[in-house]
Amino acid sequence: MMEEEEFEFAEDLEAILHLTPEVQLAIEQVFPSQDPLDRADFNAVEYINTLFPTEQSLANIDDVVNKIRLKIRRLDDNIRTVVRGQTNVGQDGRQALEEAQIAIQQLFGKIKDIKDKAEKSEQMVKEITRDIKQLDHAKRHLTTSITTLNHLHMLVGGVDSLEAMTRKRQYGEVANLLQGVVNVLEHFHKYMGIPQIRQLSERVKAAQSELGTQILADFEEAFPSQGSKRPGGPSNVLRDACLVANVLDPRIKQEIIKKFIRQHLSEYLVLFQENQDVAWLDKIDRRYAWIKRQLLDYEEKYGRMFPEEWCMTERIAVEFCHITRAELAKVMRTRAKEIEVKLLLFAIQRTTNFEGLLAKRFTGCTLTDVPGQKRPDSPLDPTNPFLEDEPGEEAGTEKDEDLTKPKKPKAPDNPFHGIVSKCFEPHLYVYIESQDKNLGELIDRFVADFRAQGPPKAGTEEGGAVLPSCADLFVYYKKCMVQCSQLSTGEPMIALTTIFQKFLREYAWKILSGNLPKSSTNSGGLTISSLLKEKEVSEAAKFTVDELCLICSILSTAEYCLATTQQLEEKLKEKVDKVLVERINLTGEMDTFSTVISNSIQLLVQDLDAACDPALTAMSKMPWQSVEHVGDQSPYVTSIIMHIKQNVPIIRDNLASTRKYFTQFCIKFTNSFIPKFINHLFRCKPISMVGAEQLLLDTHSLKTVLLDLPSIGSQVLRKAPASYTKIVVKGMTRAEMILKPIVCRDTLCSTGPL
C-alpha cells in the first residue's frame, strides 16, 4: 500500500510541477540558475551518468547520495518555513481590508462635514453682501440718472439755442452746437418712448431740415442759376454754412456742390456749344486753357469758402472732364466725316497731356463718389514695350535694344486716364486704317529700295547683316504701339495687332522669301575628263558669292524678326486688357519666319550639295577595276574639298551672329552628302582590291574634311559640336565598312577584281 501511495504521489507531483513554457521562462529570468536539477527538461538518467561517468566513479556513490539527501533536507526545511509563514496571510488580508473600509467611511464623513460647512459659509457671505449689492445697484442707477439728467439739460438747452441761432443764421456757432446736440441725442435712443424725449428729437430734426433749406437758399441767392456770379469774394456766412452742411444730411452737401459746380461751369457750356467754331477738335487746347483759368480763379476767390476735405477744385475739374467727354463725343458723331488722322492724334495728345496734368495736381479721391459717375475702366499702364530708347537713337541701336532691355519700374497708375480720352475710342478706326495704309506704303518702299540698291555685297559691312528695313519696320511698330496704348487698351489694340500680323507676313513674303535666289535646274558642272585632269572647277557652284551673302543676310534678318516678334507678342499681352489677352497670338507669324530660316538653310545646303554632285558622278563612272596602285586622293575628292573651302567660309563669316544656324547648315549638309556618297559607292562596280584601297583612302580624306567643316578655312580653330562630330563619324564609318570587306577578301583569297 505504501508503494502504491508513493507512486500516485509522484504522478500527482509530476502533474502539478508541469509548467507552461511562458511560466518557465519567467522563472528563469527571475531566478537564474545553472543547476541541472532546476532545468525544465531535467533528465535523471543523464544527470546520473554525469555524476558517474565510469565504473570506477561508483566508489563515491555513498558520498553523492549523502550530499543529495542533505540537499533534500534543506529544501524540505525551506518549504516548511515558507508554508508556515503563509498560514496567517489570509487572516491578515481580511483584517487589512476591514481597516481600509473603515478609513474610507471616515473620509466620506469628513468630506460631507466640509461640504456642509462650505454651504453655510456661502450662505453667510450672501447675507453679508446682500446689502452691499443693493448699495452698488443704487449707486449705478443714481449715476445713470444724474448723467441722463445732465444730458437732458444739455439737450433742452442745446435745442433752444439751436433754434435761436438758426433763425439768426449764426452758422459758425450752429456747426459746433449741432454736432454736440446730435451726439447727446444718441444717448436717448432707448428713451424715445417718453413723449418729452420724442418731442425733443422731432425738434432737432425740424431744426436740421430748416438749416438745410436755409443754407441751400443762401447759396442759391449767392450763386443764382440764372445770371452772372455774385461779384466779390465769398462771405463768412457761407463758409460757416459749409461747416454746418458737414453735419447735416449728406444730400445737402451734395446739393451744394452740384449747384456750385453747375453754376461755375455754365459759361463753359455756352462758349463751347456744338455749333461754335471753338468746339471742334483743332481748337481743343482752348477747352483746357479755359478750365485752367477757371481753377485759378476759383482758388483765388472761393478756395477758403469750402472745407478742404470737400476737394472742390478736383470736383470742378472732374465735372469739366465729364462734360467735355460728352460734348466731344456729340461733336465727333455729328462731324465724323471731317475727322482726319492728324487731327485725331492731335486732339488725343492734348487730351492725354491734360489728363496727366490732372494726375499730378489731384489724387483722384472724388472719382468714386461723384453721383452717377464711375471710375474709368482701364487706368493707364505707363510701361510701353518700345519706350526704352530715346527718339534720337539710330535705327541699328534701336533694333538691338528695343525689346532686350530690362523693364523699367512701373510708374503709379493715372486715375484720370480715359476720363476724357475715352470719347475718342469709337473713332480710332480712322487711326487703325491710317496705320494699315502707312504700313502698306512702307512695305512697298522697302521692296522698291531693295530693288534699287540691290542685295548686300560680299566683303562689305552689309554682307550677311540684318537688313536695315527690318529695323525700320519695328521702329514704326514702336511708334504705333506707344500711340495706341495711350489711346486704348481694348479692341483698338486687337485691331492694331491684326495689322501687325498682316505686315509681318508681308515682310516675310515680299522682302525675305521674295528675294531669296532661285536655285537653278541646269546641270552645269564638271565632266569626267575635267575631273581627271584636275582643271579649275569653281564654275560648278550655282550661287555667286553675292547670292550666298544675300541668303545669309535674309536668314539673319528672319532670325531677328523671329526673336523680336516673340517679344512683341509678350509686350502686347502686357498692354491689352486682361480679358483680351487670349486674342493676342503671333504664333503664325513666328512660324512664317521659321520657314524662311529653314528655306534659307536648305538653299545653302542644296547649293553646296549640287556643286559636289558632278564630282560624285565622276567617282561612280571611274574604272576602279583598272586602278593599279594607290596614290594621293582622287581628283573628285580634290574637287569636293575645293567646293567646300569656297562656300563654307563665306557662309560661316556671314552667319557669325547666328552660330546655331551655321551649325544647322553643317549638320544638314552632312546628312545630305554622306548618304549620297554611300549611294555612289555602291555604283562603283567592279572594284579591284587596289581600287577599294584607293576609295578607302578617299573616304578617309573626306571624313577628315567633314570633321573640320565648321572651322575649315578659319584662322581661329574651334572644336566642332559633339552632335555634329557624332553624325560624321557614324556616317563615314559606315562608308568605310562597305569598302574594308572588299580589301580583306581580296587580300585573303587573291581572286582578282569583283
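Residues numbered from 1 in each chain as written. Predicted model: local features only at pLDDT ≥ 70, side-chain atom pairs only at ≥ 80, totals over all residues. Heavy atoms only, no water.

In the nomenclature of an unreviewed UniProt entry, the chain corresponds to Vacuolar protein sorting-associated protein 53 homolog from the organism Astatotilapia calliptera. Here the chain is described in UniProt, under the heading Sequence similarities (unreviewed entry), as follows: "Belongs to the VPS53 family." (UniProt positions renumbered as here; feature names shortened; annotations may be inferred.)

**Student:** Sorry, what's going on with the overall build of the chain here?
**Tutor:** Each helix and strand in the chain was counted, giving 24 helices and zero strands. In the chain, which comprises 754 residues, the share counted as buried stands at 39%. Summarising the internal contacts of the chain: among those between residues at least 6 apart in sequence, 82% fall at separations of at least 24. Surface exposure of the chain reaches about 43,900 Å², of which carbon and sulfur atoms provide 55%. (Helix = DSSP H or I, 4+ residues; strand = E, 2+ residues; numbered from the N terminus. Buried < 20%, exposed > 50% of the residue type's maximum accessible area, 1.4 Å probe, protein only. Contact = heavy atoms within 4.5 Å. Areas by Shrake-Rupley, 256 points an atom, 1.4 Å probe, with all protein chains shown as cover.)

**Student:** Please explain the environment of Val278 as it appears in this structure.
**Tutor:** Along the chain, Val278 turns up in the loop between α10 (266-271) and α11 (284-302). Val278 sits in the buried class, given a relative accessible area of 18%. Not counting residues up to four positions away in its chain, the partners in contact with Val278 are Leu271, Phe272, Lys283 and Arg286.

**Student:** Is there a simple way to explain the packing of aromatic side chains in this structure?
**Tutor:** For any two aromatic rings, the description comes down to two numbers: the centre-to-centre distance and the angle of the planes. Applying the stated criterion across every chain, the model contains 15 aromatic pairs. Ring centres of Phe669 and Phe673 lie 5.6 Å apart, and the angle between their planes is 20 degrees; this geometry places the pair in the stacked category. Taken together, the residues Phe669 and Phe673, both in helix α22 (residues 659-683) and four residues apart, mark about one turn of the helix. The exposure class assigned to Phe669 is buried, which follows from its relative accessible area of 0%. Owing to a relative accessible area of 1%, Phe673 belongs among the buried residues under this scheme. In textbook terms, an aromatic cluster arises when at least three aromatic residues are bridged by ring pairs, as seen for Tyr268, Phe272, Tyr288, Trp290, Phe320 and Phe354. Just above the ring of Trp280 sits the side chain of Arg335; from NZ or CZ to the centre is 4.1 Å. (Phe/Tyr/Trp six-rings, centres within 6.5 Å; stacked < 30°, edge-to-face > 60°. Lys NZ or Arg CZ within 6 Å of the ring centre and 35° of its normal.)

**Student:** It is not clear to me how the packing of helix α21 (residues 635-654) against α22 should be interpreted in this structure. Could you clarify?
**Tutor:** When two helices pack together, you describe them by how their axes are tilted relative to each other and by the distance separating the axes. Contact geometry for α21 and α22: axes closest at 12 Å, N-to-C directions at 165 degrees. Taken together, the axis directions place α21 and α22 in an arrangement best described as roughly antiparallel. Where α21 crosses over α22, the handedness of that crossing is right-handed. Judged by residue contacts, Tyr636, Ile640, Ile644, Val648, Ile651 and Arg652 of α21 engage Arg659, Phe662, Phe665, Phe669, Phe673 and Phe677 from α22. (Axes fitted to C-alpha atoms, helices over the stretch in contact; angles between N-to-C directions. Parallel < 35°, antiparallel > 145°, perpendicular 65-115°, else oblique. Left-handed = near helix turned anticlockwise from the far one by under 90°.)

**Student:** I tried to follow a nonpolar patch on the surface on my own but got confused; where do I start?
**Tutor:** Together, Leu19, Val23, Ile27, Val30 and Phe31 make up a nonpolar patch on the protein surface, roughly 460 Å² of accessible area in all. Checked against the element boundaries, Ile27 lands in helix α2 (residues 21-30). (Patch = residues over 30% accessible without salt bridge, like charges linked within 9 Å, V, L, I, M, F, W, Y side chains within 5 Å. Salt bridge = Lys/Arg side-chain N within 4 Å of Asp/Glu carboxyl O.)

**Student:** Teacher, can you tell me more about unusual backbone geometry here?
**Tutor:** Glycine aside, residues mostly have negative phi angles, and peptide bonds mostly take the trans form. Look at Cys311: it is not a glycine, yet its phi comes out positive at around 50 degrees. Mapped onto the secondary structure, Cys311 falls in the loop between α11 and α12 (312-334). Taking the relative accessible area as the measure of exposure, Cys311 reaches 23% and is therefore partly exposed.

**Student:** Looking at this structure, how should I read the packing of helix α16 (residues 468-487) against helix α17 (residues 491-512)?
**Tutor:** Where α16 meets α17, the axes come as close as 11 Å, and the angle between the chain directions of the two elements is 175 degrees. The orientation of α16 with respect to α17, classified from their angle, is roughly antiparallel. Judged by residue contacts, Ser469, Cys470, Leu473, Phe474, Tyr477, Cys480, Met481, Cys484 and Ser485 of α16 engage Pro492, Met493, Leu496, Ile499, Phe500, Phe503, Leu504, Tyr507 and Ile511 from α17. Here the contact of α16 with α17 is built from residues that sort into 16 nonpolar, two polar and no charged. (Nonpolar A, V, L, I, M, F, W, Y, C, P; charged D, E, K, R; others polar.)

**Student:** How should α12 be read in this particular structure?
**Tutor:** One turn of the α-helix equals 3.6 residues, which is why residues spaced by three or four share an orientation. An ideal rise of 1.5 Å per residue puts 33 Å on 23 residues; α12 measures up with 33 Å between its terminal C-alpha atoms. Of all the 23 residues making up α12, 17 are buried; the element is thus mostly covered by neighbouring parts of the structure. (Expected span 1.5 Å × (residues − 1).)

**Student:** Explain the confidence of the model for the chain here, please?
**Tutor:** In low-pLDDT regions, the fine details of the predicted coordinates are not to be read closely. For the chain, the mean per-residue pLDDT works out to 77, and 80% of the residues sit at or above 70. Here residues 370-412 is a poorly scored stretch, pLDDT under 50, and it has 74 contacts once near neighbours within four places are set aside; other chains count. Below a pLDDT of 50 lies the segment residues 747-754, which in the model reaches 11 contacts outside its immediate sequence neighbourhood of four places, other chains included. (pLDDT = per-residue confidence, 0-100.)

**Student:** Could you clarify how one ought to interpret the side chain of Thr658 in this entry?
**Tutor:** Secondary-structure assignment places Thr658 in the loop between α21 and α22. Note on Thr658: relative accessible area 4%, which makes it buried. Other than its neighbours up to four places away in sequence, Thr658 contacts Leu555, Ser556 and Glu559.

**Student:** Got a minute to help me understand helix α20 (residues 587-621) in this structure?
**Tutor:** If you check α20, its first and last C-alpha atoms are 49 Å apart, about what 35 residues at 1.5 Å a residue would give, namely 51 Å. Most pronounced at Asp613, the bend in α20 amounts to some 30 degrees, and the proline Pro614 follows within four residues. (Bend = angle between axes of the 7 residues up to and from the residue.)

**Student:** Before we go on, may I ask you to explain the pattern of salt bridges in this structure?
**Tutor:** Two side chains with opposite charge may pair up if their charged atoms get near one another. Scanning the entire structure with this criterion turns up 16 salt bridges. The closest approach of N and O atoms between Lys259 and Glu255, which form a salt bridge, is 4.0 Å. With Lys259 and Glu255 both in helix α9 (residues 250-264), this residue pair falls four residues apart, about one helical turn. Residue classification places Lys259 among the partly exposed positions, given a relative accessible area of 26%. On the basis of relative accessible area, Glu255 is assigned to the partly exposed category, the value being 26%. The partner of Glu338 in a salt bridge is Arg335, and the shortest N-O contact between them spans 2.8 Å. For Arg335, a relative accessible area of 24% corresponds to the partly exposed category. Here the salt bridges do not stand alone but share partners, grouping Asp609, Asp613 and Lys676 into one network.

**Student:** Honestly, the state of the cysteines in this entry has me stumped. Any pointers?
**Tutor:** Covalently bonding the sulfur atom of one cysteine to the sulfur atom of another cysteine gives a disulfide. By the definition in use, this model includes zero disulfides. Of the cysteine sulfurs around Cys480, a residue in no disulfide, the closest is that of Cys484, at 8.5 Å. A relative accessible area of 1% places Cys484 in the buried class. (Disulfide = S-S within 2.5 Å.)

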